[in-house]
Amino acid sequence: MPTQTGTRRKTARTQARVEVDAPRADAPVSIDLSGQLAALFQRAHGLLDRLETLLPTPLSEPDWAASVAFRWISKGGRKQLVPVHKLSPITYDDLIGIEDQRRKVERNTRQFVQGKPANNVLITGSRGTGKSSLVKASLNKFARQGLRLIEVDKADLVDLPELTDLLADRPERFIVFSDDLSFEEGEPGYKALKSVLDGSVSATADNVLIYATSNRRHLMPEYLQENLSYKHLENGEIHPGEVVEEKISLSERFGLWVSFYPYSQDDYLRIAEHWLLAFGVADKQMDKALQESLVWALERGSRSGRVAWQFARDWAGRGGK
């Protein structure tokens, strides 16, 4: 059995060993600050990289000499004008059966490139009748006179104020083109387009016009129940309700309306013959080809310029077999 004296000696030895092993209070402590700072800087650099992807980048001037047509691209906070290097070769002479519509758009575009007053244009009507082709042909006609075209998707119409500011000081004349345009309730591009057309505090740039194509005359869906909002006055007058007025208000801001209608059979055959000749089909095959073009249109359920062009490509590609 250990004695009290032995216990005290053991305790003293333990304390002495602890005192030897423990660092002195006034001894300097070595810390690897360089490694910690390097890790901190690396984390901060990664955080900044992630933030840069979220922040909008400054809009830079494109190479205006690269093309006469551009696309407005807005993705992930990055906005830029991208040149279109391969353009549609379609001309006014290729637009058959829409001579009246062509004259209206050609006259308005000529006034615009000459610096005279001109209107924003809304082109509406049946599908495949040449609405967008008319805009492309206008660019090919007047590009040498300084006309430029910028295509903007519906989702990017919210950027119109920024785009028009970029173009305002340029010497060229710009058509901002939105193809197959239509809106649903509450879409942000709807109000942005209204503001740019007519209604913003700032004046619209003199060198910018908006050309839009749509299958809808008022660019928005119309419902039967909206007829109930019309007001019938005692003298027999009819006034549309607020919902209808709001839908009409956008299309009315376009100064020039150009409407397209379904083609007659004669017009369809004229268009089919034009494209068959353009694809090199011989005259001796023309009668047979035109007869088949009617069957082609019947199967598609449409007599349109697009259907005629598609038939001509098919016929020429298979050599009339």
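Residues numbered from 1 in each chain as written. Predicted model: local features only at pLDDT ≥ 70, side-chain atom pairs only at ≥ 80, totals over all residues. Heavy atoms only, no water.

(A) Region of interest: empty space enclosed by the protein. Inspection of the entire model under this criterion finds one cavity of 30 Å³ or more. If you add up the space inside the largest cavity, you get close to 30 Å³. Every residue lining the largest cavity is listed: Asn120, Val196, Leu197, Thr204, Val208, Leu209 and Ile210. Considering every element that reaches the lining of the largest cavity, the biggest residue donor is strand S6 (residues 208-214), with three residues. (1 Å grid on protein atoms, 1.4 Å probe; cavity = no way out; pocket = protein on both sides within 12 Å on 5 of 7 lines; lining within 4 Å. Points joined across faces, edges and corners; volume = space filled by probe spheres on them. Helix = DSSP H or I, 4+ residues; strand = E, 2+ residues; numbered from the N terminus.)

(B) Broad picture of helix H3 (residues 99-113). If you check H3, its first and last C-alpha atoms are 21 Å apart, about what 15 residues at 1.5 Å a residue would give, namely 21 Å. Within H3 the residues assigned to the buried category are Gln101, Val105, Glu106, Asn108, Thr109, Phe112 and Val113. One side of H3 carries all its buried residues, which in axial view fall inside an arc of 165°. Of the residues trailing H3, Gly115 is marked for its positive phi of about 80°. (Expected span 1.5 Å × (residues − 1). Buried < 20%, exposed > 50% of the residue type's maximum accessible area, 1.4 Å probe, protein only. Arc of directions from axis to C-beta.)

(C) Geometry of the packing of helix H8 (residues 265-278) against helix H10 (residues 305-317). Closest axis-to-axis distance for the H8/H10 pair is 8 Å, and the angle between their directions is 40°. Crossing hand, H8 versus H10: right-handed. Note on element contacts: H10 touches H8 through Gly305, Val307, Ala308, Trp309, Phe311, Ala312 and Trp315, opposite Tyr268, Ile271, Ala272, Trp275 and Leu276. Residue composition of the contact of H8 with H10, grouped by class: eleven nonpolar, one polar and no charged. (Axes fitted to C-alpha atoms, helices over the stretch in contact; angles between N-to-C directions. Left-handed = near helix turned anticlockwise from the far one by under 90°. Contact = heavy atoms within 4.5 Å. Nonpolar A, V, L, I, M, F, W, Y, C, P; charged D, E, K, R; others polar.)

(D) Spatial organisation of a nonpolar patch on the surface. Taken together, the side chains of Leu37, Leu40 and Phe41 present a nonpolar region at the surface, about 330 Å² in accessible area. Mapping Leu37 onto the fold places it in helix H2 (residues 33-54). The partly exposed category is assigned to Leu37, whose relative accessible area is 45%. (Patch = residues over 30% accessible without salt bridge, like charges linked within 9 Å, V, L, I, M, F, W, Y side chains within 5 Å. Areas by Shrake-Rupley, 256 points an atom, 1.4 Å probe, with all protein chains shown as cover. Salt bridge = Lys/Arg side-chain N within 4 Å of Asp/Glu carboxyl O.)

(E) Up close: the nonpolar core. In terms of nonpolar packing, the biggest core is built from 45 residues, with Tyr211 and Leu276 touching the most fellow members. At six residues, the largest contribution of residues to this core is made by H8. Apart from residues no more than four positions distant in its own chain, Leu276 is found in contact with Val281, Met286, Ala289, Leu290, Phe311, Ala312 and Trp315. (Core = buried A, V, L, I, M, F, W, Y, C linked by side-chain atoms within 4.5 Å.)

(F) Spatial organisation of the pairing of S6. With respect to burial, S6 is a largely interior element, seven of its seven residues being buried. With burial as the criterion, each face of S6 is covered, one bearing Val208, Ile210, Ala212 and Ser214 and the other bearing Leu209, Tyr211 and Thr213. Sheet topology note: the strand S3 (residues 121-125)/S6 ladder contains four bridges and is parallel. When the bridges of S6 are listed, Leu122 appears paired with Ala212. (Pairing = 2+ DSSP bridges.)

(G) Main features of the side chain of Ser67. Among the structural elements, Ser67 can be located in the loop between H2 and strand S1 (69-75). Sequence-distant contacts of Ser67, defined by excluding residues within four places in its chain, comprise Pro83, Val84, Leu87 and Arg148.

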